[in-house]
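Next come the chains, spelled out residue by residue.
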Amino acid sequence: MLVLVIHVLEDGPADGPPVVLTSGLAGALTDWDPLTRLLAPSMRVLRFDRPGYGASAPSPEAPSARREVAVLDEVLDIAGAPVVLVGHSLAGLHVEACVRLRPSRVCAAVLVDPSLAPPGIGRPFDPGAVLATAVARLGLADLAARCVSPLLRLAGRPPARAAAVAELAGYADLVSEVDGLRGVHPLPDVPWWVLTAGEALGGPRSARRILAAHEAMAALAPRGVHRIVPGSGHLMQLDRPDAVAEAVLRIRAGR
């Protein structure tokens, strides 16, 4: 049995409908502060440090869909009732795996500028994952994280952790694992929103690729919705927390 020590913060009324916010690669719990302020007046907001980040202990198991569902299980146990599950970037894959494998525990999902993983993608080639795998095998994950951290601080981001190297190394395998779940565990009939950052689309070729992938990911669910959010870079929860909050609140209101 996988044993995890996860640091969870709660805001909002204890009897409010629960929403769980989960970060992507190297994401910080504090990235959700602006969204939490918008949701907490009417919802019970749970956010957490992922394994090896912040106040959460490292996981004894390498990143995988199975591990990420176990991580979310810990938070969903605290939430109690079925939750709206919100995942940013890489965590969009974690959310999808959880909704497919724990359909009774999730009443809706919002993928915030998720990693591109359209159906049929299989195991993609990712240069960053190849580099991270080499770094991890050489036992240099901690050193790499320390070297990158000053640059991240200059950009206003939290310092890197060795956990991020492990997650990046496992990216292609995670995508393949989730893509494999699609043929075995269908998504339940729940609201399923995919939000695309309008300012992260890049040139025409990049935009076509991103929009096609996000459209296909939204179409995975019977009640899938795809929205482009103008004025937002990849960190949409910081750039346009109002747009993410609107999606969550509309879902809860049944609109």
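Residues numbered from 1 in each chain as written. Predicted model: local features only at pLDDT ≥ 70, side-chain atom pairs only at ≥ 80, totals over all residues. Heavy atoms only, no water.

### Some points on a nonpolar patch on the surface
Okay, step 1: Taken together, the side chains of Leu138, Leu140 and Leu143 make up a nonpolar region of the molecular surface, amounting to roughly 280 Å² of accessible area.
Okay, step 2: With respect to the element layout, Leu140 can be found in the loop between α4 (127-137) and α5 (141-154).
Okay, step 3: Judged by its relative accessible area of 35%, Leu140 falls in the partly exposed class. (Patch = residues over 30% accessible without salt bridge, like charges linked within 9 Å, V, L, I, M, F, W, Y side chains within 5 Å. Areas by Shrake-Rupley, 256 points an atom, 1.4 Å probe, with all protein chains shown as cover. Salt bridge = Lys/Arg side-chain N within 4 Å of Asp/Glu carboxyl O. Helix = DSSP H or I, 4+ residues; strand = E, 2+ residues; numbered from the N terminus. Buried < 20%, exposed > 50% of the residue type's maximum accessible area, 1.4 Å probe, protein only.)

### Focus: the nonpolar core
Okay, step 1: Judged by nonpolar contacts, the single largest core of 37 residues is most densely connected at Val20, Phe48, Leu85, Leu93, Cys98, Val99 and Trp192.
Okay, step 2: Per element, the largest residue contribution to this core is 8 residues, and it comes from helix α2 (residues 65-79).
Okay, step 3: When near neighbours in sequence (up to four residues on either side) are disregarded, Val20 contacts Leu46, Phe48, Leu72, Val75, Leu76, Val83, Val84, Leu85 and Val86.
Okay, step 4: Of all hydrophobic cores here, the second largest spans 25 residues; its members include Val45, Trp193, Ala197 and Val229. (Core = buried A, V, L, I, M, F, W, Y, C linked by side-chain atoms within 4.5 Å. Contact = heavy atoms within 4.5 Å.)

### Describing α2
Okay, step 1: Its 15 residues give α2 an end-to-end C-alpha distance of 21 Å, which sits within 8% of 21 Å, the value for a rise of 1.5 Å per residue.
Okay, step 2: Counting buried positions over the 15 residues of α2 gives 11, a clear majority of the element.
Okay, step 3: Those residues of α2 that sit buried are Ala65, Arg67, Glu68, Val69, Ala70, Val71, Leu72, Asp73, Val75, Leu76 and Ala79. (Expected span 1.5 Å × (residues − 1).)

### Points about the packing of aromatic side chains
Given two aromatic rings, their pairing is described by the distance between the two centres and the angle made by the two planes.
Okay, step 1: Here the structure, examined in full by the defined rule, presents 0 aromatic pairs.
Okay, step 2: A cation over a ring is seen here: Arg227 above Trp193, with NZ or CZ 5.3 Å from the ring centre. (Phe/Tyr/Trp six-rings, centres within 6.5 Å; stacked < 30°, edge-to-face > 60°. Lys NZ or Arg CZ within 6 Å of the ring centre and 35° of its normal.)

### Observations regarding the sheet that holds strand β5 (residues 106-112)
Okay, step 1: Strand order in the open sheet formed by 7 strands is β1-β3-β2-β4-β5-β6-β7, with mixed pairing between adjacent strands. The sheet terminates laterally at β1 (8-11) and β7 (223-229), the two strands that pair on one side only. The sheet shows a mean angle of 20° between the axes of neighbouring strands, taken without regard to direction.
Okay, step 2: Pairing analysis gives 4 bridges linking β1 to strand β3 (residues 44-48), with the strands arranged antiparallel. Looking at the pairing, Glu10 lines up with Leu46 of β3.
Okay, step 3: α2 rests against β1, β2 (18-22), β3 and β4 (83-88) of the sheet, and its axis sits at about 150° to β3.
Okay, step 4: Against the sheet, helix α8 (residues 204-218) makes contact with β5, β6 (191-197) and β7, and its axis sits at roughly 170° relative to β6, the strand it touches most. (Pairing = 2+ DSSP bridges. Axes fitted to C-alpha atoms, helices over the stretch in contact; angles between N-to-C directions.)

### A short note on the packing of α2 against helix α3 (residues 91-101)
Okay, step 1: Look at α2 against α3: their axes get within 9 Å of each other, and the N-to-C directions meet at 75°. In this view, α2 runs roughly perpendicular relative to α3, as classed from their interaxial angle. Counting all contacts with α2, which are made through Ala65, Glu68, Val69, Leu72 and Leu76, the residues of α3 involved are His94, Ala97, Cys98 and Leu101.
Okay, step 2: Of the residues contributing to the contact of α2 with α3, the split by class is 7 nonpolar, 1 polar and 1 charged. (Parallel < 35°, antiparallel > 145°, perpendicular 65-115°, else oblique. Nonpolar A, V, L, I, M, F, W, Y, C, P; charged D, E, K, R; others polar.)

### Focus on α8
Okay, step 1: With 15 residues, α8 should cover 21 Å at 1.5 Å per step; its first-to-last C-alpha distance of 21 Å lies within 8% of that length.
Okay, step 2: For α8, every residue scored as buried is listed here: Ala207, Ile210, Ala213, His214, Met217 and Ala218. Looking straight down α8, one finds its buried side chains confined to an arc of 140°; they lie on one side. Residues of α8 that are exposed and point more than 90 degrees away from the buried face comprise Pro204, Arg205, Arg208 and Arg209.
Okay, step 3: Summarising the contacts, the buried residues of α8 are in contact with β5, β6 and β7. (Arc of directions from axis to C-beta.)

### A few points about the pattern of salt bridges
Okay, step 1: Evaluated as defined, the whole model comprises 17 salt bridges.
Okay, step 2: Of the charged contacts, one joins Arg50 and Glu167 as a salt bridge, the two residues approaching to 2.3 Å between their closest N and O atoms. Here Arg50 is found in the loop between β3 and α2, whereas its partner Glu167 is found in helix α6 (residues 162-169), with 117 residues between them in sequence. For the pair Arg50 and Glu167, one class covers both residues: buried.
Okay, step 3: Of the charged contacts in the structure, one is a salt bridge between Glu96 and Arg182, with a shortest N-O distance of 2.7 Å. You can see Glu96 sitting in helix α3 and its partner Arg182 sitting in the loop between α7 (171-181) and β6, a full 86 residues away along the chain.

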